[in-house]
Amino acid sequence: GSKQSNPKLRKFGLMLIGAQLAFIALFAVFVQYDWDALPVSLRSLSHQPSRTYRATHNDTAELTAVGLDPRLQQVKYPLRDYFSMYGDIQIMIFLAFGLFIACFKRYGYSATGMAFMLCAFIVQWSTLVHGFFHLTPDNTINLSLITLISADFTIAAVLISTCVLLGTLSPLQYIVLALIEVVVYAGNEWLCLSVLRVVDVGGAIYLHTFAAYFGLAVAFVLNRRTKECLKSLKGLTASSYFNELLAFLGTILLFIYWPSFNSVFAPADLQQRAVINTALALLASSLATFAMSAIVFKEKFSMTVIQNGALAGGVAIGSTADLMIQPYAALMIGFAAGTLTVIGFKFIAPVLEERWKLLDMCGVQYLHGLPGLFAGLVSALVCGIAKDETYGSSYWEAFPAAVPPDNSSAYQKLLVEYPALKPGFGRTPWMQAGFQVLALLVSVLIAMVSGLVTGLLLKLSVFDPIKPAEMLCDDELWLMPKELSEDQEAS
Amino acid sequence: GSKQSNPKLRKFGLMLIGAQLAFIALFAVFVQYDWDALPVSLRSLSHQPSRTYRATHNDTAELTAVGLDPRLQQVKYPLRDYFSMYGDIQIMIFLAFGLFIACFKRYGYSATGMAFMLCAFIVQWSTLVHGFFHLTPDNTINLSLITLISADFTIAAVLISTCVLLGTLSPLQYIVLALIEVVVYAGNEWLCLSVLRVVDVGGAIYLHTFAAYFGLAVAFVLNRRTKECLKSLKGLTASSYFNELLAFLGTILLFIYWPSFNSVFAPADLQQRAVINTALALLASSLATFAMSAIVFKEKFSMTVIQNGALAGGVAIGSTADLMIQPYAALMIGFAAGTLTVIGFKFIAPVLEERWKLLDMCGVQYLHGLPGLFAGLVSALVCGIAKDETYGSSYWEAFPAAVPPDNSSAYQKLLVEYPALKPGFGRTPWMQAGFQVLALLVSVLIAMVSGLVTGLLLKLSVFDPIKPAEMLCDDELWLMPKELSEDQEAS
Amino acid sequence: GSKQSNPKLRKFGLMLIGAQLAFIALFAVFVQYDWDALPVSLRSLSHQPSRTYRATHNDTAELTAVGLDPRLQQVKYPLRDYFSMYGDIQIMIFLAFGLFIACFKRYGYSATGMAFMLCAFIVQWSTLVHGFFHLTPDNTINLSLITLISADFTIAAVLISTCVLLGTLSPLQYIVLALIEVVVYAGNEWLCLSVLRVVDVGGAIYLHTFAAYFGLAVAFVLNRRTKECLKSLKGLTASSYFNELLAFLGTILLFIYWPSFNSVFAPADLQQRAVINTALALLASSLATFAMSAIVFKEKFSMTVIQNGALAGGVAIGSTADLMIQPYAALMIGFAAGTLTVIGFKFIAPVLEERWKLLDMCGVQYLHGLPGLFAGLVSALVCGIAKDETYGSSYWEAFPAAVPPDNSSAYQKLLVEYPALKPGFGRTPWMQAGFQVLALLVSVLIAMVSGLVTGLLLKLSVFDPIKPAEMLCDDELWLMPKELSEDQEAS
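Residues numbered from 1 in each chain as written. Chains lettered and ligands numbered in written order. Predicted model: local features only at pLDDT ≥ 70, side-chain atom pairs only at ≥ 80, totals over all residues. Heavy atoms only, no water.

### Re the side chain of S285 of chain C
Residues and elements named next belong to chain C. Defined as follows: Each helix corresponds to a stretch of at least 4 residues labelled H or I by DSSP, and each strand to a stretch of at least 2 residues labelled E; elements are numbered beginning at the N terminus. In protein, a polar contact requires one atom able to donate a hydrogen and another able to accept it; more generally it is a pair of N or O atoms within 3.5 Å, and residues adjacent in sequence count only if both atoms are side-chain atoms. The contact criterion used is simple: two residues touch if any of their non-hydrogen atoms lie within 4.5 Å.
You can see S285 is positioned in helix 11 (residues 268-296). Polar contacts involving the side chain of S285 include one to the main-chain carbonyl oxygen of A310, which spans 2.9 Å. Contact partners of S285, with chain neighbours within four places excluded, come to G309, A310, L311, A312, G313, G334, F335 and G338.

### Thoughts on the interface of chain B and chain A
Condition: We define buried area as the total accessible area lost by two parts upon association, computed with a 1.4 Å probe and summed across both. Every case where a carboxyl oxygen of Asp or Glu lies within 4 Å of a side-chain nitrogen of Lys or Arg is listed as a salt bridge. We call Asp, Glu, Lys and Arg charged. Ala, Val, Leu, Ile, Met, Phe, Trp, Tyr, Cys and Pro are nonpolar, and the rest, Gly among them, are polar.
Between chain B and chain A, the residue contacts involve 64 residues of the former and 78 residues of the latter. Between chain B and chain A lies a buried interface of about 6,200 Å² when both sides are counted; carbon and sulfur atoms form 75% of it. For the chain B face of the interface with chain A, the top three residues by lost area are Y241, L287 and F301 of chain B, together amounting to 13%. Our enumeration of links across chain B and chain A arrives at 0 salt bridges. Connecting chain B to chain A are 8 residue pairs in polar contact (both at pLDDT 80 or more). Contributing elements (two or more residues each) for the side of chain B that touches chain A: helix 3 (60-66), helix 4 (78-100), helix 10 (241-263), helix 11 (268-296), helix 12 (303-316), helix 13 (327-354) and helix 15 (388-391) of chain B. Its residues placed into classes, the side of chain B that touches chain A shows 40 nonpolar, 14 polar and 10 charged.

### Quick look at the interface of chain B and chain C
With 79 residues of chain B at the contact, the number on the chain C side is 64 residues. Both faces combined, the contact of chain B with chain C buries some 6,200 Å², and carbon together with sulfur accounts for 75% of it. Where chain B touches chain C, the interface holds 0 salt bridges. Here chain B is connected to chain C by 8 residue pairs in polar contact (both at pLDDT 80 or more). For the side of chain B that touches chain C, the secondary structure elements donating two or more residues are helix 1 (7-30), strand 1 (31-33), helix 4, helix 5 (108-133), helix 6 (145-164), helix 10 and helix 19 (482-490) of chain B. With 13 residues, the single largest contributor to the side of chain B that touches chain C is helix 1 of chain B. Here the residues of the side of chain B that touches chain C sort into 48 nonpolar, 18 polar and 13 charged.

### Brief notes about the relation of the copies chain B and chain C
Short version of the rule: For this overlay, a least-squares fit was computed on C-alpha atoms, restricted to residues scoring pLDDT of at least 70 in both copies.
With an RMSD of 0.0 Å, the fit of chain B onto chain C corresponds to turning through 120° and sliding 0.0 Å along the axis. Interpreted geometrically, this transformation is the action of a three-fold axis. For chain B, the minimum C-alpha distance to the rotation axis belongs to S84 of chain B and amounts to 3.7 Å. The residues that chain B uses at the interface reappear at the interface of chain C in only 3% of cases, marking distinct surfaces.

Pasting the structure below:
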């Protein structure tokens, strides 16, 4: 009916207004500007960033530099350090991801539109949730570019999960999923980075692996490849020439800015390595994807496979990008990841689809799941074989948990050379390797359990689950330009 | 006819060549590189930037920092400070705006093409016009990244105005409109920033509000929603699936880089706040737009409304982004702006269209007009309640007109603490609030009067006004790919 | 046949795997992180960048600045200097170029896909080839952001050449062409920059001119405008409305980031000028293209001409962007370049196509060839009339070959003022002008000879040259969305 009110949309609207008003109220009570956005005279020492990968890792060079002249502190705004990369990451999350998933013929508006809506929701929600995990001594949440970048990482996790479910959720389900996943993700991130002290600068373990298996677990409960489902999706899972080119545009944007994502929270020379290693891994995975596609798929290239394989290197290098792995190893990791994605699409996908009836709409398993697991295992190896002399003065920055504990004499000795060093646990390389594997297992486990529960919850009729016939349909949600609606009536 | 010469195009071409040659001549006489693009040995103290918001606002922290070591001056190139944001703003103005207005089915080439042509014209023209308002003591115009960014602000104003008129102007009319509006805009900007000393870091008052009502005034004279007009526009105001996705891509780019636009001219911690507040306002206006759309439009989402509402927060926070409004207030302002846009499209548009016969092609009234007015009123309130203790050392940077006048003893006392402080007028907070409202009224008044005159001028047949039948038609101006022209012949 | 194996694709795949494995092996033996990506304690003085335009040009201001405090060296990461521009250039090369050539109706996938594949291949290959031209004393190749930017320059050269041949090469031929051209390009670059000490900050001579004539020479041998060829290309050289808009999007991205390309390797105030002059030249060439198109093509605008002409200014200013040419001269150079492109398309193209049967698929002659030659001649003039007093302290930075030779007393005297100055050849301005022309001739000559040889080689059947009937066809190489393949069967 063309002028009737849509009660589901109304419910969604009221829910969203409620959420936004709640965010405003919670921001009013808890959130204040971090020190860099405060007038110099109003800054206090309680305004120290305390929330990110960089905070759990030492940054001795920078700390020495600041020591040069305390007056520099006044004008050393992180804006200068973070702003350029913040823009890059915003492009990845808000724009490129939306394009990347705009590949379906009749789901371009919803894919980009719902992704954008989720972005706007999650930045606010993630700021609050992350903030509660890292409250300042005076019970406030400090807001800065670093907070906003952390929020973008959170969005990445949720969008990866919704990728599995693309086109199978109602607007209300999207929001409920985000509401839950942000909390679980923040908990898992805190567990991995602050408790297990895992080395994972680009989030291959706590972000990509977690998000992939969370999404797959939700899908396992919520939607299966039943005959009814496949019948109603027939034709809709096809891409169009134009949507596929937009998706490729998104792919290239992700490719270009991925080094910023993997390096933004790394200090000093670790950041330089993270940029270079990520760039190399992406190059090799792209080339491997073209090569392996040519061999494995035999007849022709598939845009979908190329798009996913090109980016697999960025995931696979995610936990080791800032380490001293040498350029050739970055190429090897990328090569393996691209190969893995192609093999996944060719040989593993049919099995999961036929036998497990798994409905993975965008192949998240092969871009985030398997490459994420691979990244975790690689990081265990790289941490295990790490040598003091290879890392030189950056050893304590790269492996903060290897720093001796607070009260040890070894720690006191190190303090002489690195006065800003935070105490650790005195882990040996292979102990760190064990923690890498542990974090990987923990992330998968938490993802699967919470994903299954979330899936069951989303099935409740109060959240308006959609029928197979409404899946992958822009028309259900958006006013469409004439041409298409006519087109559709005709067919 | 398919090979005939087009006398109107010829006239436009000659006019453009004349303009370009005149620009070259005027540049040869007046324009030189600013100090940062000159060899160190050739710099003089007359090479000081003197043209922007930042120039009328104090920047005490930076000035202190430079004081650390005069030799730093040699290598402190603004390129480092401005370049990243310059790129962001270029993307907004040259690319995203063009995409944003590429929404009409048959006007994609002209919308992006004419916008690009206007950009190339206005950067040069604006450099000269702004330069004449701020000549150096030796009667030259200094050219730097700051000049180029100012020119991008000017382009934004003209493109906003042409948005109202999209598809209803001939190439010659586009150029004439730009020729006039740049002069009026520069005058109004000078009046608001240098004379009235208004607080308006992102130009909500002197740019968005001005541009919206200038364009609407031109449209009021030039094109009305007559029956003939509506008949010939029938079908053409429809978007296509593909154009609408490009427009959404433009929307997201504007969303991502708007914080750069609102903060580029703010100093130190004011810049940090401008980035964060703008980001927050945009998030809230996006969420509000989805929510309000769901409730007000009832049945489905409209891409046009989502696109406009998502950005309304950036306009609405434009005058207060750098002030100490606190994060929750930024969310509130964004929430109100998004709501305002949705209500505008739903309830105000029909009235203006039916009763006033106003032809606002892109809904400029609801993205720039009303949110701009709202921004101005909000800024009056924020300035009025500003307290010394809230702003601390940044009080004089945020409110330069509050600095006591030159010869007062209060000013002498302040100079001891802030040696670089420029004298002001000793305004109280509520006096500043009054000036905010005054600037808002002045901007609307100047816009409307000059817009009406410009509209009358553009009606002259010498500027080749186009007939309703030629409106929104790429085919009039561009060689079209076969498919489409065939398509059109058929229909 | 729809499920048969494609032996050509298989050969291409194996070749690519071989290349990637060889790259990994060579990287393992030769490539290490440059000093900025190494831990501070492991850096040695042999880690000095030694490979780029900036290395052959003096950078006195920067060197003085670094001299302020040796401890700064620890935290002065080129990441800060180069990262923002690196991102810009990546967008140009990996994204915008692909869009720019996505203009053909049925070759969008291949144009963007093959360009992307070449990018991934060339970064690795170029790093090795350039590295061998600039081995460190301990026979290693240092990898940094500077290396990656140099690789992007190399990609630009190869993509320009393949533009001439767009749609006429098989995947294997693309790779073989890249394999050869990268070596010749690196040799020519080394000859121009390190031996002839040419002034060419944006590569108009050693990159654009070289690449254009290399590609044209290959095309001259490989594909001619025979009747058979023209017959099979009929309809395919047409653009579609949508592809053309994507190409325009690519044009605008190139326009926006071109200043980064032309300035990335220039030091200090030379960099500021390079940014400003490039921006101005592009503005004037854009305006000139609209104006001249309106006059010369008479009836309507052509998207192709506008796209090429808009960018001609960036090529034409490529050799002089960092010099003291004054803003008006930058506008003049751009104006001339835009005019040249329009005239090229209108009057020269028909002659080359009819009489020489040259098949220049994208008009590379008019965007890179002629404007490149023009840029070289302009640079000779600008170098010839360069005056000591105009350049002040930047004279030795802009013209490093003008520095007196090592053992001269003049050099010793200069060393007092500029302690970091590298010795030159004591060239006079008009001697430098001569070397500019020499480099231009050498570049064209090397390009043509190596291009002809490469063309002959590519004709060998082992490289799977494609038949005219397979040209410009995505369908040969890519799995296509249903709609199109149906569409095609019908027609």
